[in-house]
Every structure is written in structure tokens, then in C-alpha cells.
Amino acid sequence: MYKTFIILLLSLFINTFAKAQSIVPSIVIGRDTLPHVTLDEVNVFAERINARKYARQQKRNHRLVHNVRKALPYAKIAAAKINEIEALLAQAHSKREKERIIKEEYKQLMKTFKKPLMSLTVTQGKILVRLIYRETNNSSFHHIKEYKGSVNAYFWQSLALLFGNNLKADYEPEGRDKEIEEVVRQIEKGL
């Protein structure tokens, strides 16, 4: 008798503190039952942005997109041309024939691209050097050294350093070149 009295007392005590379960309206889709709840409206307030700073950032981003759009086609052409030259050099049998191929290709490239490349700005040139590395997995310095020799490579490297560029620059898509990589991906997607 004593045990039943304690159990009855405890059950009354627990029932007073137990919350009533509310029934949530739901929708049945196929074999799933999903809750259907209407939420209250929430007001979201943005943090105040310095208008000048935002305008400068937007201008910088537009300039970067413009510069990458200008330099990317040349980097793609350079990568294709390097692959083409490599294929021609692989078919050449003698050193003299390889030198002739390089000389002819260099002459043709200068005739075609000297004027457009000279019209690039210094910033576009820096971006082009990095994009060439992105497309070919080798620096511009390496390509010049391979095809034109060490003296030419060091001459062009010293000239590039005078203008604040570096032909030995690599490409870090997760590091300092992250913004360039994002722009290139947008361009390649067609956005």
C-alpha cells in the first residue's frame, strides 16, 4: 500500500510540471511529413558602410576585372603557342633545326603580338605574367630561358624589375592571386 501511495504521489507531482505538447501543422509529401510553420517577420539592419571606402573597393574590383579580361586572352594564346612550339621541337631532329623553328616562331610572334602587348599597362603586364604561369605551370622567365637562352632571360628579367614586375613570379590561386583566380573563373564560366 505504501509503495502505491508514493507512485501515485510522484505521478501527480510529475504531471504538474510536464508541459503540454503543442501540435505543429504539417504537410505530407509522399511518405514524408514535413512541419509547416509560419515565422514572424524579422527586420535585418546592415552595418553602415563608409561610402567612399565602398566606392574605392568597387572601382578597384572593376579595374581588376578589366585588366584580367585584357590579359587573359594573351595568356591563353601563349599557352597554346608554347604547346605548339613544343610539338614542333619534338619533331625536330637536329639542334640547328630547333634553333630555326624557334627563330621563325619568335619572328612571327613579334610581328603579330608586339604592338598589342606594348599597349598593355604595367598592371596588365604583371597580371599577364601570373596568368602565363597559371596556364603553363612555368614562369615567363623559364620560357624565355628555355627558348632564347639565359642572357636574354636575365636581360628581360632586369627590365621587368625596373617596371616593378617579376618574370619569375608564380601563381598562387589560394594565396595572393585569389582575386585574379575568381575573376578568371567567372570569365571562363561566361559571367
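Described in the following lines is the structure provided in the data block. Keep in mind that what you see is a predicted model, and the values were worked out from it rather than measured.

### With respect to the overall build of the chain
- Broken down by element type, the chain carries seven helices and two strands.
- When its helices and strands are written in sequence order, the chain yields α-β-β-α-α-α-α-α-α.
- For 191 residues, the compact-globule formula gives about 16 Å, and the C-alpha radius of gyration of the chain, at 33 Å, lies well above that figure.
- Structurally, the chain occupies a C-alpha span of about 115 × 50 × 35 Å along its principal axes.
- With 33 positive and 20 negative side-chain charges, the chain shows a separation of 6 Å between the mean positions of the two kinds.

### Structural notes on the packing of helix α5 (residues 140-148) against helix α6 (residues 150-162)
- Between α5 and α6, the least distance of the axes is 7 Å, while the angle of their chain directions is 145 degrees. Once α5 is placed against α6, the crossing between them reads as right-handed. On α6, the residues touching Phe141, Ile144, Lys145 and Lys148 of α5 are Ser150, Asn152, Ala153, Tyr154, Trp156 and Gln157.

### Quick notes on the packing of helix α2 (residues 51-91) against helix α7 (residues 178-189)
- At their nearest, the axes of α2 and α7 sit 9 Å apart, and the two run at 65 degrees to each other. In terms of orientation, α2 lies roughly perpendicular with respect to α7. Between α2 and α7 lies a crossing whose hand is right-handed. Judged by residue contacts, Arg60, Leu64, Val65, Val68, Arg69, Leu72 and Lys76 of α2 engage Glu179, Ile180, Val183, Val184, Ile187 and Glu188 from α7.

### Examining the pairing of strand β2 (residues 32-35)
- Taken together, the four bridges between strand β1 (residues 26-29) and β2 define a ladder with antiparallel strand orientation. By the bridge assignment for β2, Ser26 is matched with Pro35.
- Connecting β1 to the next strand, β2, in antiparallel fashion are two residues, including Gly30 with a positive phi near 65 degrees.

### Considering the environment of Arg52
- On the secondary structure map, Arg52 appears in helix α2.
- Note: C-alpha distance between Arg52 and Asn83 (31 residues apart in sequence) is 46 Å.

### Concerning the pattern of salt bridges
- Taken as a whole, this structure holds 14 salt bridges when the rule is applied.
- Here Glu135 and Arg134 are joined by a salt bridge, their closest N and O atoms 2.8 Å apart.
- We note a salt bridge from Glu188 to Arg134, for which the minimum N-O separation is 3.5 Å. Of this pair, Glu188 sits in helix α7 while Arg134 is found in helix α4 (residues 122-136), placing the two residues 54 residues apart along the sequence.
- Under the relative-accessibility criterion, Arg134 is labelled partly exposed at 21%.
- Each of Lys76, Arg134, Glu135, Glu181, Arg185 and Glu188 takes part in salt bridges that share partners, so that together they form one network.

### Here's the deal with the layout of surface pockets
- Of the pockets and cavities examined, the largest pocket occupies roughly 1,500 Å³.
- Leu117, Leu128, Ile144, Trp156 and Leu167 are the residues nearest the centre of the largest pocket, which is lined by 34 residues in total.
- Only α2, α3 (95-118), α4, α5 and α6 provide two or more residues apiece to the lining of the largest pocket.
- Sort the elements by how many residues they give to the lining of the largest pocket and α3 lands first, with nine residues.
- Residues of the lining of the largest pocket, tallied by class, amount to 24 nonpolar, six polar and four charged.

Conventions adopted
- Going along each chain's sequence as written, the residues are numbered from 1 onward.
- Local features in this predicted model are restricted to residues of pLDDT 70 or higher, and side-chain atom pairs are both shown and tallied only at a pLDDT of 80 or more, whereas totals for entire chains, interfaces and linings draw on every residue.
- As a rule here, side-chain values cover all heavy atoms of the structure and leave hydrogens and water aside.
- The helix and strand labels rest on DSSP assignments: H or I over at least four residues marks a helix, E over at least two residues marks a strand, and numbering proceeds from the N terminus.
- Each radius of gyration is computed over the set of C-alpha atoms, and the globule rule expresses the reference value as 2.2 Å times the number of residues to the power 0.38.
- Counting rule applied: Lys, Arg positive; Asp, Glu negative; His and chain ends not counted.
- All charge positions are set by atom: Lys at NZ, Arg at CZ, Asp at CG, Glu at CD.
- Axis lines are fitted to C-alpha atoms, over the contacting stretch for helices. Their N-to-C directions set the angle, which ranges from 0 to 180 degrees.
- By the definition used in this description, the sense in which the near helix is turned from the far one sets the handedness, with an anticlockwise turn below a right angle giving left-handed and a clockwise turn giving right-handed.
- Whether two residues are in contact is decided by their heavy atoms, any of which lying within 4.5 Å being enough.
- Just so you know how the angles are binned, under 35 degrees is roughly parallel, over 145 roughly antiparallel, 65 to 115 roughly perpendicular, and the rest oblique.
- Strands were regarded as paired on the criterion that DSSP finds at least two bridges between them.
- Just to be clear on terms, a salt bridge is a Lys or Arg side-chain nitrogen sitting within 4 Å of an Asp or Glu carboxyl oxygen.
- Relative accessibility thresholds used throughout: buried, under 20% of the residue-type maximum; exposed, over 50%; partly exposed, between the two (1.4 Å probe, protein chains only).
- Using protein atoms alone on a 1 Å grid, points that fit a 1.4 Å probe yet trap it form a cavity, whereas open point sets bounded by protein on both sides within 12 Å along at least five of seven lines form a pocket; residues with an atom within 4 Å of a point count as lining.
- Grid points are joined across faces, edges and corners, and a volume is the space filled by probe spheres set on the points.
- In this count, Pro and Cys sit with the nonpolar residues alongside Ala, Val, Leu, Ile, Met, Phe, Trp and Tyr, while Asp, Glu, Lys and Arg are called charged and the others, Gly among them, polar.

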